[in-house]
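# Topology and contacts: notes
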Amino acid sequence: MTIFRTGGVDIAPSAFLPGASTEVSFHPVWSALIRTTEGNVLFDTGLHPVHVERPDATFGPGNLKVVMAKEDSIVSRLSEIGIRPDDIAIVVNSHLHFDHAGNNGAFPKATFVVQGDHLAFAKGKPNFPGVYWDIPELSYLPVAGRARVAPGLEVVPTPGHAPGHQSLVVDLAETGRVVLCGDAAFTRLNLERGEIKQPDEAAAKESMALIRSLVEGDLDRVFTSHDPASFARWRHAPSVYR
Ligand SMILES: [Zn+2]
């Protein structure tokens, strides 16, 4: 498994955690590649490179500012390790917000694994801009509940951020189990405190409890979505988790 930085957003931590700082700071956006015997699997596709020149291209000027360099686009990150878009067999989107599905259009050969209730929820909603994911050439495989994706890979519904949001459980040969939790937990502090700001906080708290149980409480095994402190400690491409 390889982790890539695919940009970031400037946002106040108080958007993620009750009582946290209201001062705006950098929060990373990332994707992961998992090589399996059934092909390459990509978890989330990051921010679209349109934001390199125009950070406010998607939502206009507001309190969430995209920070992105040219090399942060997922296609460019994959090419650094010799992978072309057509080498990706499966894409798992945690959900379809623009920082997690921004480059779905770059993978027309892949099968996209998304919870069916999330696809239905996101369709046509302005805060899930369809320009990045609702593209006729793409093949979506709607799943319902826990589902095997490839050997050692299973999606698990973790709603709260949005209906049908899902996390990816990855059982690695040497490292053991890790969970790529998407926006079910933005930072490790969310999981440590059991507190989070989400549209459905009750569902979100249940999802965080499930994530904790999946790793038997070992939070070093959870890859949270926009977590500057944790991200700095992880291995990044070209390093891998085996
Ligand atoms: Zn996000």
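Placed above this text is the structure.
Okay, so let's go over this structure. Since the model is a prediction, treat every value here as computed from it, not as a measurement.

## Topic: the overall build of the protein chain
- Of the regular secondary structure elements, the protein chain holds 6 helices and 12 strands.
- In terms of overall size, the protein chain behaves like a compact globule, its C-alpha atoms giving a radius of gyration of 16 Å where 242 residues would be expected to give roughly 18 Å.
- Referenced to the eigenvectors of the C-alpha coordinate spread, the extents of the protein chain come out at roughly 45 × 40 × 35 Å.
- In the protein chain, the proportion of contacts linking residues at least 24 apart, taken out of those at least 6 apart, comes to 65%.

## Thoughts on unusual backbone geometry
- The peptide bond linking Ala 237 to Pro 238 adopts the cis configuration, its omega dihedral lying at 5 degrees.
- Topologically, Pro 238 is positioned in the segment after helix H6 (228-233).
- A positive phi is found at Asp 44, a non-glycine position, where the angle reads about 65 degrees.
- With 28 C-beta atoms packed within 10 Å, Asp 44 lands in the buried category.

## Concerning helix H5 (residues 201-214)
- The terminal C-alpha atoms of H5, which comprises 14 residues, lie 20 Å apart, in line with the 20 Å expected from a rise of 1.5 Å per residue.
- Of the positions making up H5, those classed as buried are Ala 204, Ser 207, Met 208, Ile 211 and Leu 214. The arc that holds every buried residue of H5, seen down its axis, measures 120 degrees, which confines them to one face. When the buried face of H5 is taken as reference, the exposed residues oriented beyond 90 degrees from it are Ala 202, Ala 209 and Ser 213.
- Structurally, H5 contributes buried residues whose contacts are with strand S10 (166-172), strand S11 (176-180), helix H4 (188-193) and strand S12 (222-223).
- Glu 216 sits one or two residues past H5 and shows a positive phi near 50 degrees.

## Looking at the nonpolar core
- Val 92, Val 179, Leu 180, Ala 185 and Ile 211 are the most contacted members of the largest nonpolar core, which totals 59 residues.
- When residues in this core are grouped by element, the largest group, 5 residues, is from strand S2 (residues 25-36).

## Digging into the sheet that holds strand S9 (residues 153-157)
- With respect to topology, 5 strands assemble into an open sheet ordered S8-S9-S10-S11-S12, the strand pairing being mixed. A single partner strand is all that each edge strand has here, and the edge strands are strand S8 (147-150) and S12.
- Relative to S12, S11 is paired through 2 bridges, and the arrangement is parallel. Directly across from Leu 180, in S12, lies its bridge partner Phe 223.

## Side note on the sheet that holds strand S1 (residues 2-11)
- Taking strand neighbours across the sheet as the criterion, the 7 strands line up as S4-S1-S2-S3-S5-S6-S7 in an open arrangement whose pairing is mixed. Here the strands that pair on one side only, and so sit at the sheet edges, are strand S4 (65-67) and strand S7 (139-143). Strand after strand, the sheet turns through a mean of 25 degrees between neighbouring axes, direction not considered.

## Regarding the environment of Val 222
- By secondary structure assignment, the location of Val 222 is in strand S12.
- With 35 residues separating them in the primary sequence, Val 222 and Thr 187 have C-alpha atoms 9.6 Å apart.
- Setting aside residues no more than four positions away along its own chain, Val 222 makes contact with Val 179, Cys 181, Ala 185, Leu 191, Ile 211 and Val 215.

## Overview of the pairing of S8
- In terms of strand pairing, S8 meets S9 through 3 bridges, oriented antiparallel. Bridge pairing links Ala 147 to Val 155 in S9.
- Once S8 ends, the chain turns through 2 residues before running back antiparallel as S9, passing Gly 152 with a positive phi of about 80 degrees.

## Here's the deal with the pairing of S1
- Pairing of S1 with S2 involves 8 bridges; the strand directions are antiparallel. Following the sheet pairing, Asp 10 is matched in S2 by Phe 26.
- Two strands pair when backbone bridges link them, and S1 and S4 are joined in this way by 3 bridges, in the antiparallel orientation. Bridging from a neighbouring strand, Gly 8 pairs with Val 67 of S4.

Analysis parameters
- Residues numbered from 1 in each chain as written.
- Predicted model: local features only at pLDDT ≥ 70, side-chain atom pairs only at ≥ 80, totals over all residues.
- Helix = DSSP H or I, 4+ residues; strand = E, 2+ residues; numbered from the N terminus.
- Rg over C-alpha atoms; globule rule 2.2 N^0.38 Å.
- Contact = placed C-beta atoms within 7 Å.
- Buried ≥ 20, exposed ≤ 12 C-beta atoms within 10 Å, placed from the backbone.
- Expected span 1.5 Å × (residues − 1).
- Arc of directions from axis to C-beta.
- Core = buried A, V, L, I, M, F, W, Y, C linked by C-beta atoms within 7 Å.
- Pairing = 2+ DSSP bridges.
- Axes fitted to C-alpha atoms, helices over the stretch in contact; angles between N-to-C directions.

Shape descriptors only; they carry no functional weight alone.
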